[in-house]
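Descriptive analysis of the structure
Below are the chains, spelled out letter by letter.
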Amino acid sequence: MAGGHERSMKALREVWRTAENSLCADCGKPDPDWASSTLGVFICLSCSGIHRNIPSISKVKSLKMDHWDDAQVQFLAKHGNAVAKATYEAHIPIYYYQPTYNDCQVLREQWIRAKYERQEFTEPGKQLPYSDGVKEGILWKRGRDNGQFLPRKFVLSEREGCLKYFTKQDAKEPKLNVKIDVINATFQPVKIGNPNGLQITYLKDNKTRNIFVYHESGKEVVDWFNAIRSVQFHYLKVAFPIASDNERALSPYTCHLFPSQQREAFKKRWFTLDHRRLMYFKDPLDAFAKGEVFVGSRENGYSVQKGLPSGAQGNFSWHYGLTIVTPDREYLFTCETETDQLDWITAFTSVINQAMTPQEYASEWLDAISFPS
């Protein structure tokens, strides 16, 4: 009996340690130590918790602590992450955001449910709730003046190329009408105070404005997120017909937000890196950025450096500095902890190392963005 158990564990380790199973099948986190005995995928602890909430689809077990019999090990060997990817991720739209382990819970949960529970990507040309170019519904929007969240009707239209919201269900004129090419979206559950919190940013008069919304349904808010990406992608196909789909592909909507300090008096401010826009706010839920700067690519003269230039002067209450170099000037910041410093450097490096897309070169706001000295 003991010999049979040892044989099963040895076979399990051999399957587990293959290259295809070395990353979580759902979020890409290295060294997953859980697996689904019904789907045959290797997953991390965090994703295993999501799988556990859909027991009709997936039954999970620890690869280290639970017993695996021969039949279950053989099932894992026959399937594994590569087979699952070929099956459940066969036809993912290029605009659909595939979350990583750094993303929030609602994005990761709906990604997992979309793959295995709803099987949204198993067939070509499948009609998806965020792919038909029109979306209309109620989102809870934070009021700019009173900070209360109230239900508002939102309408997204590919044909009109815009996102609108109305203060009343029967209102004929929208409170806001924003062109789709100046919109961005990122999940901010901590900042908004809701697990399904979504921050929508847009440009008006070359300045960034914020809308904070949420929906009680995680699926609905993620569908809105991907619907915005879908409409933007199809807009880019029309605007840049000679570009490839990879060139048109939207960059991940990453947003890193934590306190930093500004040059000169080194005042404490909240900063957001929204892909190529670095913005600062006096309060994290401000509707308007106080200033912003475009962050281009390395080949265009942008770089990030650890630390501050020698001779930099100021009241450094925080000692973990970084310098953003642009063709026009240097921007100096300090962070409270080394972890914050390294996170910022990683975020800036990721953006700067990406080649600029046709729409970024063509954007009118490239030459207009300002940042206070």
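Below is a summary of the structure that appears in this document. Residue numbering note: each chain is counted from 1, following its sequence as written. Two thresholds apply to this predicted model, a pLDDT of at least 70 for residue-level local features and 80 or more for giving and counting side-chain atom pairs, whereas whole-chain, interface and lining totals are computed over all residues. Computation of side-chain values: all heavy atoms of the structure, hydrogens and water removed.

Attention now moves to the sheet that holds strand β2 (residues 42-43). Two strands are counted as paired when DSSP detects at least two bridges linking them. Only DSSP runs of H or I reaching four residues or more are called helices, and only runs of E reaching two or more are called strands; each is numbered from the N terminus. Spatial strand order, β2-β1-β3: three strands in an open sheet with antiparallel pairing. With partners counted over all chains shown, the strands left at the sheet margins are β2 and β3 (60-62), one partner each. The pairing of strand β1 (residues 34-36) with β3 spans three bridges and is antiparallel. When the sheet's bridge partners are listed, A35 is paired in β3 with K61.

Let us now look at helix α3 (residues 70-78). In protein, a polar contact requires one atom able to donate a hydrogen and another able to accept it; more generally it is a pair of N or O atoms within 3.5 Å, and residues adjacent in sequence count only if both atoms are side-chain atoms. Put simply, D69 is the residue that caps the front of α3, since its side-chain oxygen is 3.2 Å from the backbone nitrogen of A71. G80, located one to two residues past α3, shows a positive phi value of around 85°.

Now for helix α9 (residues 338-352). Between the first and last C-alpha of α9 there are 21 Å, a value that for 15 residues agrees with the 21 Å anticipated at 1.5 Å per step. Residue burial is assigned from relative accessible area. The probe radius is 1.4 Å, only protein chains are included, and a residue is buried under 20% of its type maximum, exposed over 50%, and partly exposed in between. For α9, every residue scored as buried is listed here: D340, Q341, W344, I345, A347, F348, V351 and I352. Along α9, the residues classed as buried sweep out an arc of 165° about the axis, all on the same side. Residues T339 and T346 are exposed on α9 and point more than 90 degrees away from its buried face. Expected helix span is given by 1.5 Å per residue-to-residue step, counting one fewer step than there are residues. The directions considered for the arc are those from the helix axis to the C-beta atoms.

With that settled, consider the packing of aromatic side chains. We call Phe, Tyr and Trp rings a pair once their centres come within 6.5 Å, taking the six-membered ring for Trp, and we label the pair stacked below 30 degrees between planes, edge-to-face above 60, and tilted otherwise. Going through the model one piece at a time under the given rule, you end up with 15 aromatic pairs. Aromatic pair Y96 and Y130: ring centres 5.5 Å apart, planes at 50°, arrangement tilted. Here Y96 is found in the loop between α4 (80-88) and α5 (105-117), whereas its partner Y130 is found in the loop between α5 and β4 (134-142), with 34 residues between them in sequence. Residues Y96 and Y130 agree in their burial class; the two are buried. Geometrically, a charge over a ring is one whose NZ (Lys) or CZ (Arg) sits within 6 Å of the ring centre while staying within 35 degrees of the ring normal. The residue whose ring lies beneath R17 is W16, and the NZ or CZ to ring-centre distance is 3.9 Å. Lying over the aromatic face of F166, K153 brings its terminal NZ or CZ to 4.8 Å of the ring centre.

Strand order in the open sheet formed by three strands is β15-β16-β17, with antiparallel pairing between adjacent strands. Edge positions in the sheet fall to β15 (303-306) and β17 (330-335), since each of these pairs with one other strand and no more. Neighbour-to-neighbour, the strand axes of the sheet open up by a mean angle of 20°, direction not taken into account. Judged from the four bridges that link them, β15 and strand β16 (residues 320-325) form a sheet pairing that is antiparallel. Across the sheet, the residue bridging to S303 is V325, located in β16. Axis definition: a line fitted to C-alpha atoms, limited for helices to the stretch in contact. Angles are taken between N-to-C directions and run from 0 to 180 degrees.

Every case where a carboxyl oxygen of Asp or Glu lies within 4 Å of a side-chain nitrogen of Lys or Arg is listed as a salt bridge. Under the criterion given, the structure shown has 11 salt bridges. R113 is paired through a salt bridge with E109; the nearest N and O atoms lie 3.0 Å apart. With a gap of four residues between them, R113 and E109 both fall in helix α5, about one helical turn apart. The exposure classification of R113 matches that of E109, with both residues buried. A salt bridge links E160 to R159, with the shortest nitrogen-to-oxygen separation between them at 3.6 Å. Residue E160 is classed as partly exposed on the basis of its relative accessible area, which comes to 34%.

Burial of β4 is one-sided: the residues K135, G137, L139 and K141 facing one way are buried, the residues V134, E136, I138, W140 and R142 facing the other way are not. In terms of strand pairing, β4 meets strand β5 (residues 149-157) through nine bridges, oriented antiparallel. From the neighbouring strand, L139 faces β5, where its bridge partner is R152. A loop of six residues connects β4 with β5, the two strands running antiparallel in sequence, and G147 in this loop sits at a positive phi of about 75°.

Structurally, the position occupied by D26 is in the loop between α1 (2-16) and β1. Its relative accessible area of 4% is what places D26 among the buried residues. A polar side-chain atom of D26 sits 2.7 Å from a polar atom in the side chain of K115. Apart from residues lying up to four places away in sequence, D26 is in contact with I43, C47, H51, P99, W111, I112, K115 and Y116. Contacts: residue pairs with any heavy atoms within 4.5 Å of one another.

On to the side chain of S37, then. Counting through the fold element by element, S37 comes out in the loop between β1 and β2. Judged by relative accessible area, S37 falls into the buried class, the value being 17%. When residues no more than four places from it in sequence are discounted, the contact partners of S37 are K59, K61, W68, Q72 and F75.

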